[in-house]
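A closer look at the structure
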Amino acid sequence: MQEHPETTSSGKPESPRHEAGLAGTDAVDKNAALEQRILADPGRFRVMTGDRPTGRLHLGHYFGTLQNRVRLQDLGVESFVLVADYQVLTNRDVADNLPESVEGLVLDYLAVGIDPARTTIYVHSAVAALNQLMLPFLSLVTVAELGRNPTVKDEIAHSRQASVSGLMFTYPVHQAADILFCKANLVPVGQDQLPHLELTRTIARRFNARYAPETGIFPEPEALLSAAPLLLGTDGGKMSKSRGNAVALADDADQTARLIRGARTDSIRHITYEPATRPEVSSLVLLAALCLGRDPREVADGIGAGGAGELKRTVTEAVNEYLAPIRARRMSFARERGFVRNILKEGNERANAEAEATLDEVRRAMMTAY
């Protein structure tokens, strides 16, 4: 995600303007305007995004974020994609099978079309200068601000732990370092992540005001709001790596069929697309529609009186056909583990160069470049 930040005529990073708490029509309008700016000049943007290596990526990830990452990359937006291995430690003492999970994540990236020649893929723990930014950034926020952050509250709620580690509490500041180390000015997020991004913007603004009031160092990153469709897990709950309710990109056709065959539906035989009143059925219809490139109501009408059995057959065939080339690419890359490790090595080197340059600017601004 190494894209060139927006620049002014003087060549200095321009801070994109974005108000906190976007909602409703205002959010839609602002996002549409941002999309038009991206299409008009994608080289003015640098995007940062990433995932924790806590399990295999699934269809929710694909239609929620991965597809959009590939789209931005193909438009010419320079991209950084983080494998956030340090963030695994926010809610567990030991990260199980971490090397295997990291490589699996990279395989998923490659399989869906993320190109390491155009997108920097790197690992948290390999970029020391990125993590070193946390200390000055922590000095710019209060304990009360961290405690109010919805990201922290959500992480604590899902940690299932009696106590909260300092790393988890400072999680949003670590994410701010993830974004600002490469001076990303575009971050794809969901509506629920806007408060976190606003904290990143606050940190950038406070650092610039305190240490570099004339020139500034950090842009205030803009949110590219996700229009990702809501796909439920096969149990009707939130699609999750840990709940076993999602089709993983690495699953084979038989595993996919078994999982979809056991998906929850409802007692009404006639299939319709009504997300508000028939969420489980509608989620399956939507999944088929996404894979087929069709309108979900058209898909539902085509199944009609065929019932849940016909719905699941349609979904299974659509998903397996859609994922077939992705799975073939993944298996091909999996046979070249040295190639995968080399991608991380080169990505880590590029990320380190970026982080060292930023840290050098920070040291000079703070007058700690001894």
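These numbers come from a predicted model, not from an experiment.

Considerations on the overall build of the protein chain
Within the protein chain, the regular secondary structure consists of 15 helices and five strands. Counting every position in the protein chain, which comprises 370 residues, the buried fraction comes to 51%. If you take every contact in the protein chain between residues at least 6 apart in sequence, the share linking residues at least 24 apart comes to 79%. When the accessible area of the protein chain is evaluated, it comes to approximately 17000 Å², of which 52% is carbon and sulfur surface.

As for the confidence of the model for the protein chain
On average, residues of the protein chain score 88 in pLDDT, and 89% of them are at 70 or above. Looking across the protein chain, the model is least confident in helix α7 (residues 150-159), with a mean pLDDT of 70, and most confident in strand β3 (residues 119-123), with 97. Across residues 1-22, confidence stays below pLDDT 50; counting only partners more than four residues off in sequence or on other chains, it has 79 contacts.

With respect to unusual backbone geometry
In this structure, lysine 183 is a non-glycine residue whose phi angle is positive, near 55 degrees. Checked against the element boundaries, lysine 183 lands in the loop between α9 (171-180) and β4 (186-189).

Overview of the pairing of β3
Among the five residues of β3, five are classified as buried, and the element is accordingly described as predominantly covered. Side chains Thr119, Ile121 and Val123 project from β3 onto one buried face, and the interleaved Thr120 and Tyr122 project onto a second face that is buried too.

Observations regarding the packing of aromatic side chains
On inspection of all chains with the given rule, the structure shows eleven aromatic pairs. Ring centres of tyrosine 62 and phenylalanine 63 lie 5.0 Å apart, and the angle between their planes is 85 degrees; this geometry places the pair in the edge-to-face category. Neither residue differs from the other here; tyrosine 62 and phenylalanine 63 are each classed as buried.

Focus: the side chain of glutamate 220
Structurally, the position occupied by glutamate 220 is in the loop between α10 (194-211) and β5 (222-225). Engagement of the side chain of glutamate 220 in a polar contact is seen with the side chain of arginine 205, the distance being 2.7 Å.

Digging into the pairing of strand β1 (residues 46-51)
Burial of β1 is extensive: five of the six residues sit out of reach of the surface. The pairing of β1 with strand β2 (residues 78-83) spans six bridges and is classified as parallel. Bridge pairing links glycine 50 to leucine 82 in β2. With respect to chirality, the unit in which β1 leads through helix α2 (residues 59-75) into the neighbouring parallel β2 is right-handed.

Some points on the environment of glycine 304
Mapped onto the secondary structure, glycine 304 falls in the loop between α13 (296-303) and α14 (307-334). A residue is classified by how much of its surface remains accessible, and glycine 304, at 5% relative accessible area, is buried. With 32 residues separating them in the primary sequence, glycine 304 and threonine 272 have C-alpha atoms 6.9 Å apart. Apart from residues lying up to four places away in sequence, glycine 304 is in contact with Arg269, His270 and Ile271.

Observations regarding the packing of α9 against α10
At a minimum axis distance of 9 Å, the contact between α9 and α10 shows a crossing angle of 65 degrees. In terms of orientation, α9 and α10 fall into the roughly perpendicular class. The element α9 and its partner α10 pack so that their crossing is right-handed. In contact with Pro172, Val173, Gln175, Ala176, Ile179 and Leu180 of α9, α10 contributes His196, Leu197, Leu199, Thr200, Ile203 and Ala204. Residue classes in the contact of α9 with α10 are distributed as nine nonpolar, three polar and no charged.

Looking at the pattern of salt bridges
Across all of its chains, the model carries 25 salt bridges by this definition. In this structure, the salt-bridge partner of aspartate 235 is arginine 243, at a minimum N-O distance of 3.0 Å. What makes aspartate 235 partly exposed here is its relative accessible area of 25%. One network of salt bridges, in which partners are shared, links Glu198, Arg201, Arg205 and Glu220.

Topic: helix α3 (residues 98-112)
Counted at 1.5 Å a residue, the expected span for α3 with its 15 residues is 21 Å, and the 21 Å between its end C-alpha atoms agrees. Inspection of α3 places Ser101, Val102, Glu103, Gly104, Leu105, Val106, Leu107, Asp108, Tyr109, Leu110, Ala111 and Val112 among the buried residues, and these make up the whole buried set. On the buried face of α3, the contacting elements are β1, α2, β2, β3, α14 and α15 (337-365). The positive-phi residue at the C-terminal boundary of α3 is glycine 113, with phi of around 115 degrees.

Some points on the nonpolar core
Residues Tyr109 and Val319 are the most contacted members of the largest nonpolar core, which totals 49 residues. Setting aside anything within four residues of it in sequence, one finds tyrosine 109 in contact with Gly50, Asp51, Leu57, Leu66, Arg69, Val81, Leu82, Val83, Ile114 and Ile121. Grouped together as the second largest cluster of nonpolar side chains are 41 residues, Leu133, Met134, Phe181 and Leu359 included.

Some points on the packing of helix α12 (residues 279-292) against α14
One can describe the packing of α12 onto α14 by two numbers: an axis separation of 8 Å at closest approach and a directional angle of 35 degrees. Our pair here, α12 against α14, has a crossing hand that is left-handed. The residues of α14 that touch α12, namely those facing Val281, Leu284, Val285, Leu287, Ala288, Leu290, Cys291 and Leu292, are Leu311, Thr314, Val315, Ala318, Val319 and Tyr322.

Focus on α13
Within the sequence span of α13, burial applies to Pro296, Val299, Ala300 and Ile303. All buried residues of α13 fall inside an arc of 100 degrees around its axis, so they share one side. α13 presents Asp301 and Gly302 as exposed residues on the side facing more than 90 degrees away from its buried surface. Capping the start of α13, aspartate 295 holds a side-chain oxygen 2.8 Å from the backbone nitrogen of arginine 297, two or three residues further along.

About the criteria used
Residues numbered from 1 in each chain as written. Predicted model: local features only at pLDDT ≥ 70, side-chain atom pairs only at ≥ 80, totals over all residues. Heavy atoms only, no water. Helix = DSSP H or I, 4+ residues; strand = E, 2+ residues; numbered from the N terminus. Buried < 20%, exposed > 50% of the residue type's maximum accessible area, 1.4 Å probe, protein only. Contact = heavy atoms within 4.5 Å. Areas by Shrake-Rupley, 256 points an atom, 1.4 Å probe, with all protein chains shown as cover. pLDDT = per-residue confidence, 0-100. Phe/Tyr/Trp six-rings, centres within 6.5 Å; stacked < 30°, edge-to-face > 60°. Polar contact = N/O pair within 3.5 Å; in protein donor to acceptor, adjacent residues only side chain to side chain. Pairing = 2+ DSSP bridges. Right-handed = clockwise from strand over helix to strand, strands pointing away. Axes fitted to C-alpha atoms, helices over the stretch in contact; angles between N-to-C directions. Parallel < 35°, antiparallel > 145°, perpendicular 65-115°, else oblique. Left-handed = near helix turned anticlockwise from the far one by under 90°. Nonpolar A, V, L, I, M, F, W, Y, C, P; charged D, E, K, R; others polar. Salt bridge = Lys/Arg side-chain N within 4 Å of Asp/Glu carboxyl O. Expected span 1.5 Å × (residues − 1). Core = buried A, V, L, I, M, F, W, Y, C linked by side-chain atoms within 4.5 Å. Arc of directions from axis to C-beta.

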